[in-house]
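# Coordinate inspection notes
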Number of protein chains: 2
Amino acid sequence: MTYTIGKAAQMINLNAPTLRFYDKEGLLPFVERSEGGIRLFKETDFEWLRLIECLKATGMPIKDIKTFIGWCMEGDATLEKRREMFCERKAAVEQQMKEMQDTLDIVTYKCWFYENAVRLGSNEKAKELLETAMPAEMQARKEKLTAWCCR
Amino acid sequence: MTYTIGKAAQMINLNAPTLRFYDKEGLLPFVERSEGGIRLFKETDFEWLRLIECLKATGMPIKDIKTFIGWCMEGDATLEKRREMFCERKAAVEQQMKEMQDTLDIVTYKCWFYENAVRLGSNEKAKELLETAMPAEMQARKEKLTAWCCR
DNA sequence: TCTTGACTTAAAGTTAGCTTTAAGTATTAG
DNA sequence: CTAATACTTAAAGCTAACTTTAAGTCAAGA
């Protein structure tokens, strides 16, 4: 069972030009063609595509994904390179998670601040609450957060 | 105490052209100028800049940040709009965190898989371990993850 | 006063990752 | 066999967020 590019695109929530672009960039060396030159996507190709999406989600640029796919095609000789690459991706994502948690803490604090500001009808009055009325889950990060009071 | 654009840029780890670009895009209406037209960054301007960085970190485009800054300049009449905006940002970041956690789970699994593959010298031999030797912390997501075995 | 270095602007250039267009070929339903 | 639709390619276009360039102005030290 194979799929043309349009069907394949539908199935993974991309569009056909994007898949052609990936192919042109060297991300899809495993996709075979019909005699007439039509791309035929196999079931296993969808595993590759999901993996590509995963690597994109880690923030990996297309060129590096291409390099990785190339290693996969070379076989077991490149296992160590691939292991290293995934370690680096893991570290990168963990770093991004940390930064995003910091951002979330600030935004959560802002939500609380603006709820008060709206209730009291004024930014200035909300500021007066800062020392006294901060919820428990924010107290731990109070020092970090009170620098964020003003806007 | 005020700072020229070069000093200010250094202090917040941006560069001067980027700050000029932000200004041109309407993100820095609060920055005042000398008689000769030189931008003078005040202490409070750095609070604004940190807030802009925070909103950028949530994935907010510059145009929307500009809108928000505009609301701030209008005063307490826009408090409700600003509260809503922060709620939306909070939801957006929470969503991003969830997606990143899913990505991290897959990449963590990949690291484990490739450690085995390298140790055993072969992708195929590593696959044989999948059913028997998956670490406890991955067992919970086993069904999700075993679909990711191959590369 | 002069030089130097940092500032000013407008406008053009860059990068990543698509997305669209144009011209043409292949496949399938009737 | 024909028409309609989906595919093919190369190349141009798009968007966001800068970044660089060019030409000129401002400010501080010798």
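Residues numbered from 1 in each chain as written. Chains lettered and ligands numbered in written order. Predicted model: local features only at pLDDT ≥ 70, side-chain atom pairs only at ≥ 80, totals over all residues. Heavy atoms only, no water.

Before going further, it helps to spend a moment on the overall build of chain A. Per the secondary structure count, chain A includes eight helices and two strands. For chain A, whose C-alpha radius of gyration is 24 Å, the value lies well above the compact-globule estimate of 15 Å for 151 residues. Looking at chain A residue by residue over its 151 residues, the buried ones come to 42%. Total accessible area on chain A stands at roughly 8100 Å², and carbon and sulfur atoms take up 51% of it. Charged side chains of chain A number 24 positive and 24 negative; the gap between the two group centres comes to 4 Å. (Helix = DSSP H or I, 4+ residues; strand = E, 2+ residues; numbered from the N terminus. Rg over C-alpha atoms; globule rule 2.2 N^0.38 Å. Buried < 20%, exposed > 50% of the residue type's maximum accessible area, 1.4 Å probe, protein only. Areas by Shrake-Rupley, 256 points an atom, 1.4 Å probe, with all protein chains shown as cover. Lys, Arg positive; Asp, Glu negative; His and termini not counted. Charge placed at Lys NZ, Arg CZ, Asp CG, Glu CD.)

Once that is clear, we can look at the protein's contact with DNA strand D. Taken together, the neighbourhood of DNA strand D is formed by 18 residues, with A:Thr4, A:Gly6, A:Arg20, A:Arg39 and B:Tyr22 sitting nearest. Looking at DNA strand D alone, sugar and phosphate atoms form 83% of those within 4 Å of the protein. At 2.6 Å, a side-chain N or O of A:Thr4 approaches a phosphate oxygen of DNA strand D. Contacts to DNA strand D include B:Tyr22, whose side-chain N or O atom sits 2.9 Å from a phosphate oxygen. Among the elements that line the surface near DNA strand D, the one with the most residues is helix H2 (residues 16-24) of chain B, at four residues. Of the residues that constitute the surface near DNA strand D, the class distribution is seven nonpolar, seven polar and four charged. (Near = heavy atom within 4 Å. Polar contact = N/O pair within 3.5 Å; in protein donor to acceptor, adjacent residues only side chain to side chain. Nonpolar A, V, L, I, M, F, W, Y, C, P; charged D, E, K, R; others polar.)

The next point concerns the pattern of salt bridges. All names here are of chain A. Summed over the entire model, instances satisfying the criterion amount to 16 salt bridges over all chains. Here Asp45 ties to Lys42 by a salt bridge, and the two come within 3.2 Å at their closest N and O atoms. On the basis of relative accessibility, which here comes to 1%, the residue Asp45 falls in the buried class. A salt bridge links Glu53 to Lys56; the shortest N-O distance between them is 3.7 Å. Residue Glu53 and its partner Lys56 are located together in helix H3 (residues 43-57), separated by three residues, close to a single helical turn. (Salt bridge = Lys/Arg side-chain N within 4 Å of Asp/Glu carboxyl O.)

Looking now at the relation of the copies chain B and chain A. With an RMSD of 0.1 Å, the fit of chain B onto chain A corresponds to turning through 180° and sliding 0.0 Å along the axis. The superposition of one copy onto the other is thereby described by a two-fold rotation axis. When C-alpha positions in chain B are compared against the rotation axis, the closest is assigned to B:Met97, at 3.4 Å. Both copies contact each other with a shared surface, as 100% of the interface residues of chain B are interface residues in chain A too. (Least-squares fit on C-alpha atoms with pLDDT ≥ 70 in both. Contact = heavy atoms within 4.5 Å.)

Neighbouring DNA strand C are 18 residues, the closest being A:Tyr22, B:Thr4, B:Gly6, B:Arg20 and B:Arg39. Sugar plus phosphate: this is where 84% of the atoms of DNA strand C within 4 Å of the protein reside. Within the side chain of A:Asn15, a nitrogen or oxygen atom sits 3.5 Å from a phosphate oxygen of DNA strand C. B:Thr4 places a polar side-chain atom, nitrogen or oxygen, 2.7 Å from a phosphate oxygen of DNA strand C. Broken down by secondary-structure element, the contributors of at least two residues to the surface near DNA strand C are helix H2 (16-24) of chain A together with helix H1 (5-11) of chain B. Split into classes, the residues belonging to the surface near DNA strand C amount to seven nonpolar, seven polar and four charged.

The next thing to look at is the packing of aromatic side chains. Residues and elements named next belong to chain A. Taken as a whole and judged by the stated rule, the model has 16 aromatic pairs over all chains. Between Phe21 and Tyr22 the ring centres are 6.1 Å apart and the planes differ by 50°, which places this aromatic pair in the tilted class. Its relative accessible area of 3% is what places Tyr22 among the buried residues. Seen in terms of ring centroids, Phe68 and Phe86 are 5.5 Å apart; in terms of plane orientation they differ by 85°. Their pairing is edge-to-face. With Phe68 in helix H4 (residues 62-74) and Phe86 in helix H5 (residues 79-120), this pair connects stretches of sequence that are 18 residues apart. (Phe/Tyr/Trp six-rings, centres within 6.5 Å; stacked < 30°, edge-to-face > 60°.)

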